[in-house]
Amino acid sequence: MNRRHLALATVIVAVLAPLGGLLWFESGIRARQAQRPEVGALFPALPGLADGETLPGSPGRPRVVTFARAGCGNCDRTITALRRLARSEGPTFDLIAVVAGSDSPELDGDGIHAAIADPDGAVSRRFGVVHVPLVFLVDGQSRILAVTTGERPETAWRSFLESGPDAL
């Protein structure tokens with residue numbers, strides 16, 4: 001093999017190997033996202049707060065389920081904004097935060113707010129979480145009304161809660 005062929009083979013490997021790696025990585029992300037429950041589906045049961053039981057439903061009352069990661073500023077601000085809304089609007093919805101990478105999330109359960117520690121991220125993986133914060137709006141019959149990712153201003157969250165998927 002002459003030098004030109006060797007140089008061409010080196011360039012081809014240098015281009016195709018990273019491209020193959022990216023395609024493999026993206027296929028893994030897409031497979032994980034495919035696990036995410038979709039709008040209109042029933043929201044699967046979450047593990048309990050301390051004893052491994054599932055959380056009780058909120059008959060007739062919507063729930064906001066937020067998947068976050070410990071140390072994520074956007075996640076902290078999202079949870080804080082949603083907590084503020086729950087308090088200012090009265091108990092019109094239940095807020096549940098699943099915090100990956102934490103043994104004891106800072107969000108204390110108080111009847112309206114609940115926190116689920118997800119130290120190894122297993123719960124988040126089961127729900128297809130790739131980007132955080134991931135927020136589900138679930139009606140009183142456990143049907144998913146809307147799903148969104150990312151931080152929003154409090155006014156956008158208020159609109160999201162009032163109008164569902166069309167608000168964002």
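Residues numbered from 1 in each chain as written. Predicted model: local features only at pLDDT ≥ 70, side-chain atom pairs only at ≥ 80, totals over all residues. Heavy atoms only, no water.

Describing the overall build of the protein
Then, in step 1: Within the protein one finds 4 helices and 5 strands.
Then, in step 2: Across the 168 residues that make up the protein, the buried fraction comes to 35%.
Then, in step 3: Restricting to contacts in the protein with at least 6 residues of sequence separation, those with at least 24 account for 61%.
Then, in step 4: Looking at the protein as shown, the accessible area adds up to about 9,600 Å², and 57% of this sits on carbon and sulfur atoms. (Helix = DSSP H or I, 4+ residues; strand = E, 2+ residues; numbered from the N terminus. Buried < 20%, exposed > 50% of the residue type's maximum accessible area, 1.4 Å probe, protein only. Contact = heavy atoms within 4.5 Å. Areas by Shrake-Rupley, 256 points an atom, 1.4 Å probe, with all protein chains shown as cover.)

Here's the deal with the pattern of salt bridges
In a structure, side chains of opposite charge can pair up when their charged atoms sit close to one another.
Then, in step 1: Applying the stated criterion across every chain, the model contains 3 salt bridges.
Then, in step 2: Linking Glu 151 and Arg 77 is a salt bridge whose minimum nitrogen-to-oxygen distance equals 2.8 Å. On the criterion of sequence distance, the pair formed by Glu 151 in the loop between β5 (144-149) and α4 (154-163) and Arg 77 in helix α2 (residues 73-88) is long-range, its members being 74 residues apart.
Then, in step 3: For Arg 84, the salt bridge identified is with Glu 154, shortest N-O distance 2.7 Å. Remark: Glu 154 occurs in helix α4 and Arg 84 occurs in helix α2; sequence separation between them is 70 residues.
Then, in step 4: A single network of salt bridges, built from pairs that share partners, joins Arg 84, Glu 154 and Arg 158. (Salt bridge = Lys/Arg side-chain N within 4 Å of Asp/Glu carboxyl O.)

Here we look at unusual backbone geometry
Then, in step 1: Cis geometry is found at the peptide bond from Val 132 to Pro 133, where omega equals -5°.
Then, in step 2: With respect to the helices and strands, the residue Pro 133 is situated in the loop between α3 (122-126) and β4 (134-138).

Looking at the sheet that holds strand β3 (residues 113-118)
Then, in step 1: As summarised here, the arrangement of the 5 strands in space is β3-β2-β1-β4-β5, forming an open sheet in which the pairing is mixed. Every interior strand has two partners, whereas the edge strands, β3 and β5, have only one. For this sheet the average axis-to-axis angle between neighbouring strands, irrespective of direction, equals 15°.
Then, in step 2: Strand contacts of α2: β1 (63-69), β2 (94-100), β3 and β4, with the helix running at about 160° to β1, the strand carrying the most contacts. (Pairing = 2+ DSSP bridges. Axes fitted to C-alpha atoms, helices over the stretch in contact; angles between N-to-C directions.)

Thoughts on α2
Then, in step 1: Under the 1.5 Å per step criterion, the end-to-end length of α2 is 22 Å for 16 residues, consistent within 8% with the ideal 22 Å.
Then, in step 2: Inspection of α2 places Cys 75, Thr 78, Ile 79, Ala 81, Leu 82, Arg 83, Leu 85 and Ala 86 among the buried residues, and these make up the whole buried set. (Expected span 1.5 Å × (residues − 1).)

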